[in-house]
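Below are the chains, spelled out letter by letter.
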Amino acid sequence: MMNLAMDRTVPLGMALSVALFALMACDGKSTATITGSSTPGPRQSSLSLGAQVGQLAFFDKNLSGGKNMSCASCHDPQYAYGPPNSISVQLGSDITQSGARAVPSLRYRDSTPPYSDDAPNPDGVTSNSPGGGFMWDGRGTTLAAQAALPLLNPVEMNNSSKDAVVRAVENGAYADLFRQAFGADVFKNTDAAFNDLGTAIQALETEDLSFHPYSSKYDLYVFNKIGGTLTPAERRGEVLFHSTGVANCSGCHYTGANFNGSSGLMTDFTYQALGAPRNDKSIPNNPDPIPANDDPKYFDMGLCGPYRTDHMPATPDTANPYCGMFKVPVLRNVATRGTFFHNGVLHSLEQVVNFYNTRDTNPEYWYAANNDGTGAPQANPGWALQPTHVPGATVNKYNDLPNSQQGSIDEEVPMGTGDGGDKTLASGTQPRQPGATPVMTPQQIADLVCFLGTLSDGYQPPAAPPTAGRCVK
Ligand code: HEC
Ligand code: HEC
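Residues numbered from 1 in each chain as written. Chains lettered and ligands numbered in written order. Predicted model: local features only at pLDDT ≥ 70, side-chain atom pairs only at ≥ 80, totals over all residues. Heavy atoms only, no water.

Asks: How should the overall build of the protein chain be read in this particular structure?
Replies: Looking only at helices and strands, one finds eleven helices and four strands in the protein chain. Per-residue burial for the protein chain yields a buried fraction of 56% across its 473 residues. About 19500 Å² of surface is accessible on the protein chain, with carbon and sulfur atoms providing 57% of the total. (Helix = DSSP H or I, 4+ residues; strand = E, 2+ residues; numbered from the N terminus. Buried < 20%, exposed > 50% of the residue type's maximum accessible area, 1.4 Å probe, protein only. Areas by Shrake-Rupley, 256 points an atom, 1.4 Å probe, with all protein chains shown as cover.)

Given below as structure tokens:
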């Protein structure tokens, strides 16, 4: 099914575990220790030599500065290679510092096309726009090149140099396998050996089926297999997911065929600015604010920096259409996560769908500017699930982007509607008005969340279909 969202046909220029300390998991999901639950499985003999090296490296804590963290510490195979806990951003190997972004799942990443400012859309209809690449901002060019980033990042694996990493491999248990895969003299050239390590990890992420198992209920359903019958609630959720006028999820979380023939990944690999709330201490009871956000001048603006540096605004006040854009994430296995959006600000799927539903109708709920002890109405009672409109509450809308950089905020369905607001954007869409009725009902939100639950891998059909439960009727 093809879903065209109006403003995405407009050219961009116009549209202007690592918790060592027990941390509260706000939705009851597990908290993690630095040992984590991740151990390598038996070595898959079908893997190429390089991928076998990659598998050993992926779980190797010696590849971190503190010898206490592997790739799997953050990308835990038991959590679809995503974070093993609900905290927003993980602590690094030097446990005094944490990153500023949520850990993505690594499943289904091998289908990602290279980053381009002018990428074609897999739907074949929407005009070109920024798309592809690894990381929330696409700055990882290949899976192999990406691996260098966490290894050398001081707030992640915290190695002092490429040499430190290569010597850890050379002195480690799989040095011989590494030589077999990449040559007897491989350790003589540090740069080449470091690159080979990336190649090995990429081979693992590409070859190992556990990185793309296609074993969800949704897969059984799409391929008409036994056990793949969606319940009425899940099926209603699926219809909504594709509905252009109501939820419009597949307008961005595209389910059709991708460039390499894979399908159903729930992303079109594009970049969008949703205006996620700032994850900082102003949120009451925030379990895990991002330390970098203590600085009111710090903004994570995705495609326009600070980690990616090729689209930075000329001055902080020069409007730049790339600012605020983050990659549309793969939604497979999203129900196994406990933290959502690039800054990990939300902690349940209900909150995420509520955000889409009420960002514009109840902005005071998401962008409260009233937690300053002035006695103004408190509109944000600890991120309850059903936002209510609070007349008179003060709002600092899109508080995680400077005012000058809010021009690309997305106003397509379900956020904007074109149903009679007082402002029509260049894209032809209209924002919803504060206090207007949100587009989705609580029942529809529940149905969507049920559908998202069918995207988790490792589904075992029950002996008899369930007759009671949240997602049945
Ligand atoms: C301390 C936690 C941590 C560790 C350890 C870690 N990562 Fe990540 N990983 C992240 C975060 C956070 C991001 C998103 C960063 C961004 O967007 O700037 C990420 C992103 C990625 C991505 C991009 C996924 C996508 O959707 O584009 C890949 C691939 C990846 N990591 C692989 C690895 C590999 C391989 C290792 C080990 C060499 C590793 N990571 C170690 C936290 C971690
Ligand atoms: C305009 C494009 C667009 C539409 C429409 C859209 N999304 Fe998204 N979605 C995104 C982008 C971009 C992100 C990442 C935003 C960020 O991190 O700042 C995202 C993030 C998410 C996440 C968090 C995933 C994670 O790993 O953190 C979920 C869940 C999600 N969307 C579900 C939905 C559902 C359900 C709908 C329909 C109600 C929907 N989306 C509609 C673009 C879109």
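Now, onward.
Asks: Any chance you could explain the packing of helix H1 (residues 49–58) against helix H6 (residues 190–207) here in plain terms?
Replies: What describes two packed helices is the angle between their axes and the distance between those same axes. As a packed pair, H1 and H6 sit with axes 7 Å apart at the nearest point and diverge in direction by 95 degrees. Put simply, H1 runs roughly perpendicular to H6. Contact residues: Gly50, Ala51, Val53, Gly54, Gln55, Ala57 and Phe58 in H1; Leu197, Ala200, Ile201, Ala203, Leu204, Glu205 and Glu207 in H6. In terms of residue class, the contact of H1 with H6 is made up of nine nonpolar, three polar and two charged. (Axes fitted to C-alpha atoms, helices over the stretch in contact; angles between N-to-C directions. Parallel < 35°, antiparallel > 145°, perpendicular 65-115°, else oblique. Contact = heavy atoms within 4.5 Å. Nonpolar A, V, L, I, M, F, W, Y, C, P; charged D, E, K, R; others polar.)

Asks: Got a minute to help me understand the coordination of the iron atom of ligand 1 in this structure?
Replies: A four-donor tetrahedral metal ideally has 109.5 degree angles, and a six-donor octahedral metal ideally has angles of 90 or 180 degrees. Only one protein atom coordinates the iron atom of ligand 1: His75 (NE2), located 2.1 Å from the metal. Looking at the secondary structure, you find His75 in the loop between helix H2 (71–74) and strand E1 (116–119). (Donors = N, O, S within 2.8 Å, 3.2 Å for Na, K, Ca; no water.)

Asks: Looking at this structure, how should I read the site of ligand 1?
Replies: With respect to spatial proximity, 25 residues lie near ligand 1, and among them Cys71, Cys74, His75, Arg109 and Met135 are the closest. Note that a nitrogen atom of ligand 1 is positioned 2.9 Å from one of the side-chain N or O atoms of His75. Arg109 has a polar side-chain atom sitting 2.8 Å from an oxygen atom of ligand 1. For the shell around ligand 1, the elements supplying multiple residues, two or more each, are H2, helix H3 (143–152) and H6. Broken down by element, the shell around ligand 1 gets its largest block of residues, four residues, from H3. Its residues placed into classes, the shell around ligand 1 shows 16 nonpolar, three polar and six charged. (Near = heavy atom within 4 Å. Polar contact = N/O pair within 3.5 Å; in protein donor to acceptor, adjacent residues only side chain to side chain.)

Asks: Is there a simple way to explain the confidence of the model for the protein chain in this structure?
Replies: Any region with low pLDDT has predicted coordinates that should not be read closely. Taken residue by residue, the protein chain gives an average pLDDT of 85. The fraction at 70 or more is 83%. In this model residues 1–43 is a low-confidence stretch, pLDDT under 50, and it forms 117 contacts with partners more than four residues away in sequence or in other chains. Within the model, pLDDT remains below 50 along residues 375–379, and this stretch shows 14 contacts once partners closer than five positions in the same chain are excluded. (pLDDT = per-residue confidence, 0-100.)

Asks: Even after reading the chapter, I still don't get helix H4 (residues 162–170), so can you show me in this structure?
Replies: Listed as buried for H4 are Val165, Val166, Ala168 and Val169. Looking down the long axis of H4, one finds its buried residues gathered within 155 degrees of arc, a one-sided arrangement. In this fold, the buried residues of H4 make contact with H3, helix H5 (175–182) and H6. (Arc of directions from axis to C-beta.)

Asks: Hey, could you run me through unusual backbone geometry in this one?
Replies: Following Gly305, the chain continues to Pro306 via a peptide bond in cis, the omega torsion being 10 degrees. You can see Pro306 is positioned in the loop between strand E3 (271–272) and strand E4 (326–327). Geometrically, the link from Val413 to Pro414 is a cis peptide bond, its omega value of 15 degrees lying close to zero. Structurally, Pro414 can be placed in the loop between helix H10 (363–366) and helix H11 (442–453). The backbone of Asn333 shows a phi angle near 65 degrees, a positive value even though the residue is not glycine. Structurally, Asn333 is set in the loop between E4 and helix H9 (349–358).

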